[in-house]
Amino acid sequence: NIDYKGLYENFSEDYNEARHINYIMHLYTFGSMPLEIIGQFYHPPLHHFLMSSWLKGMDLIFNSPEIKFESMQVLSLLYSVVILITLYKILKELNIENKYKIIPLLLFAFYPLYVYFSGSLNNDQLVTMFGMICLLYLIKWYNNPSVKNTIVIALTLGFGLMTKSSMYVMIIPAIYKYLKKL
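Residues numbered from 1 in each chain as written. Predicted model: local features only at pLDDT ≥ 70, side-chain atom pairs only at ≥ 80, totals over all residues. Heavy atoms only, no water.

1. Comments concerning the confidence of the model for the protein chain
Averaged over every residue, the pLDDT of the protein chain is 92; residues scoring 70 or more account for 100%. Mean pLDDT per element in the protein chain: helix α1 (residues 4-7) is the minimum at 85, and helix α9 (residues 147-161) is the maximum at 97. (pLDDT = per-residue confidence, 0-100. Helix = DSSP H or I, 4+ residues; strand = E, 2+ residues; numbered from the N terminus.)

Have a look at this one:
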């Protein structure tokens, strides 16, 4: 049983201390980054900023703290939908026949970790979304090295790095594709 109303004042105590919800609520309440690096506070702020902004938007629409906090899961759900659409486009770019696209799409849609992430408040789903979009545009760029594809790659890498530092791994295939094309 979660005390949603108490979460507004006590977001940094007990179980919530140094967790993603604490980070989100710190940005929401004070409009600034946490001053100490404990627990999840080492992450770059993009995801937590988006979640706190969503919560501020919900303040304008709803009075119920339960609805406001639970509605933050909508963002994670949207990230999941974008991931599935992006996977479909990657399979299309790789010229996979339609009858074979269903297997990877089903694996992604029902993989237990992704189902869990689609309702969580951590930053893993957002960084996965940026990684998938980056991969799609790396494939597109390799086939057509246009300025548009280059800009999308740069933006997804940048936004991904502003979400979670593990996005650095996407720089390796980007550099490899650029060097191979040269």
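Still more to cover.
2. A closer look at unusual backbone geometry
Phi angles above zero are rare outside glycine, and Ala18 is one such case at about 65°. Structurally, the position occupied by Ala18 is in the loop between α1 and α2 (20-30). Positive phi, close to 60°, is recorded for Asn95, a residue that is not glycine. You can call Asn95 exposed: its relative accessible area is 67%. (Buried < 20%, exposed > 50% of the residue type's maximum accessible area, 1.4 Å probe, protein only.)

3. So, the side chain of Asn149
Mapping Asn149 onto the fold places it in helix α9. According to the relative accessible area criterion, Asn149 is buried, its value standing at 5%. At a separation of 2.9 Å, a polar atom in the side chain of Asn149 contacts the main-chain carbonyl oxygen of Asn144. When near neighbours in sequence (up to four residues on either side) are disregarded, Asn149 contacts Tyr137, Lys140, Trp141 and Asn144. (Polar contact = N/O pair within 3.5 Å; in protein donor to acceptor, adjacent residues only side chain to side chain. Contact = heavy atoms within 4.5 Å.)

4. What to know about the packing of aromatic side chains
Summed over all chains, the structure comprises 10 aromatic pairs. With a centroid separation of 5.1 Å and 20° between ring planes, the pair formed by Phe108 and Tyr114 is classed as stacked. Among the residues examined, Phe108 registers a relative accessible area of 22% and is labelled partly exposed. Within the aromatic cluster, the residues linked to one another by ring pairs are Tyr4, Tyr8, Tyr28 and Phe69. Here Lys56 stacks its cationic end above the ring of Tyr28, 5.0 Å away from the centre of that ring. The lysine or arginine in question, Lys177, covers the ring of Tyr142, its NZ or CZ lying 4.2 Å from the ring centre. (Phe/Tyr/Trp six-rings, centres within 6.5 Å; stacked < 30°, edge-to-face > 60°. Lys NZ or Arg CZ within 6 Å of the ring centre and 35° of its normal.)

5. Considerations on the environment of Gly131
Along the chain, Gly131 falls in helix α8 (residues 124-143). Separated by 36 residues in sequence, Gly131 and Met167 have C-alpha atoms that sit 7.0 Å apart.

6. So, α8
Look at α8: 29 Å from first C-alpha to last across 20 residues, which is about the 28 Å you get at 1.5 Å a residue. Most of α8 is tucked away, with 16 of its 20 residues classed as buried. (Expected span 1.5 Å × (residues − 1).)

7. Brief notes about the environment of Met170
Residue position: Met170 is located in the loop between α9 and α10 (171-181). Looking at Met170, the relative accessible area reads 14%, which means it is buried. Separated by 45 residues in the primary sequence, Met170 and Gln125 place their C-alpha atoms 15 Å from one another. In this structure, Met170 is in contact with Gly131, Cys134, Leu135, Leu138 and Leu157, ignoring residues within four places of it in sequence.

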